[in-house]
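Here is how the chains run, residue by residue.
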Amino acid sequence: MTYYLPQLDPYSFEFPSPSQAMSEPNGLLAHGGDLQPKRLLNAYQHGIFPWYSDNDPIMWWSPTPRAIINPKTFKPTKSLIKFQKKSRYTVTINHTPNTIIELCASSRDSEETWITSEMISAYQALANQQVCHSVEVWDNQQLIGGLYGIQIGTLFCGESMFSLKSNASKIALWYFCHHFAKQGGELIDCQMMNPHLLTLGAIEQTRDEFMLTLHTLRTKSVNAKCYTKQLLTDPFRQNVNE
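Since the model is a prediction, treat every value here as computed from it, not as a measurement. (Residues numbered from 1 in each chain as written. Predicted model: local features only at pLDDT ≥ 70, side-chain atom pairs only at ≥ 80, totals over all residues. Heavy atoms only, no water.)

J.: Explain the overall build of the protein to me, please; I cannot follow it from the model alone.
T.: For the protein, the helix and strand inventory stands at 8 helices and 11 strands. Taking 2.2 N^0.38 as the reference for a compact globule, 242 residues should give roughly 18 Å; the C-alpha atoms of the protein span a radius of gyration of 18 Å, in line with that estimate. With the C-alpha coordinates of the protein rotated into their principal frame, the extents come out at 60 × 35 × 35 Å. Counting every position in the protein, which comprises 242 residues, the buried fraction comes to 50%. In the protein, the share of contacts with a sequence separation of at least 24, taken over all contacts with a separation of at least 6, comes to 72%. A total of about 12200 Å² of accessible surface is found on the protein, and carbon and sulfur atoms cover 50% of it. Between the averaged position of the 20 positive side-chain charges in the protein and that of its 21 negative side-chain charges there is a distance of 15 Å. (Helix = DSSP H or I, 4+ residues; strand = E, 2+ residues; numbered from the N terminus. Rg over C-alpha atoms; globule rule 2.2 N^0.38 Å. Buried < 20%, exposed > 50% of the residue type's maximum accessible area, 1.4 Å probe, protein only. Contact = heavy atoms within 4.5 Å. Areas by Shrake-Rupley, 256 points an atom, 1.4 Å probe, with all protein chains shown as cover. Lys, Arg positive; Asp, Glu negative; His and termini not counted. Charge placed at Lys NZ, Arg CZ, Asp CG, Glu CD.)

J.: I keep staring at the state of the cysteines and nothing clicks. Help me out?
T.: Covalent bonding between the sulfur atoms of two cysteines defines a disulfide. Counted according to the given criterion, the structure contains 0 disulfides. With no disulfide partner, C157 has as its closest neighbouring cysteine sulfur the one in C190, 9.9 Å distant. C157 gets classed as buried once you look at its relative accessible area, which sits at 1%. Distance from the sulfur of C190, which forms no disulfide, to the nearest cysteine sulfur (C177) is 8.2 Å. (Disulfide = S-S within 2.5 Å.)

J.: Would you mind going over the nonpolar core with me for this structure?
T.: A general trend in soluble globular proteins is that nonpolar side chains are found buried together. Grouped together as the largest cluster of nonpolar side chains are 46 residues, with contacts concentrated most on W60, Y123 and I150. Broken down by element, the residue count for this core peaks at 6 residues, all from helix 4 (residues 117-128). Y123 has contacts with L40, Y44, P50, I101, C132, Y148, I150 and E159, leaving out every residue within four places of it along the chain. Formed by 32 residues, the second largest nonpolar core is a distinct cluster that contains Y89, F156, W174 and C177. (Core = buried A, V, L, I, M, F, W, Y, C linked by side-chain atoms within 4.5 Å.)

Right, here's the structure in full:
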């Protein structure tokens, strides 16, 4: 059976409706276009994201089900709390977004990463426009882990994370969830479920459920200080003090 995959108009930033995405491969919606900031933001605002390999055309996806994390209900494991109490890593936001994006790509084997040089440049451009944000984990002065993603209203679209030392990416997510929820953040989009996300407490929504949620959250705003460059508060110590 032959399927028709729409090709994006290079002169328009419009996308097909996510409801038209294929079931196999799950969520494939369109190909072509480019990674201009306006096109990327329009994609995320409609539940669509790019995912492709080097030397391949740009592929656009909107899978079902969708992996999500509620930052208000995120709970670190006892072992992670114990680890952090001993290691005392510090966590910051938006100190080095360009470096975080590059490390998310370079810390993986070349066969495993989808973060091409083209994507690195595109998300760094979004970081310069203050719509792509990073969380950094430090062991003293050494950058050992982090994550980055796109701000869409009170939704954070997580793109990638990495660890150079044990548990660094988990601690980045833990601290960010705590901070994000306190600043009015309501949901983290993790795109597609995988075993690692399951261990972090991710759950799934159907595409229709996710799109209804997205439609509401994209028109709302987090606290203006949410993404300012800052040291994030230790959530465990703060909860104890509260």
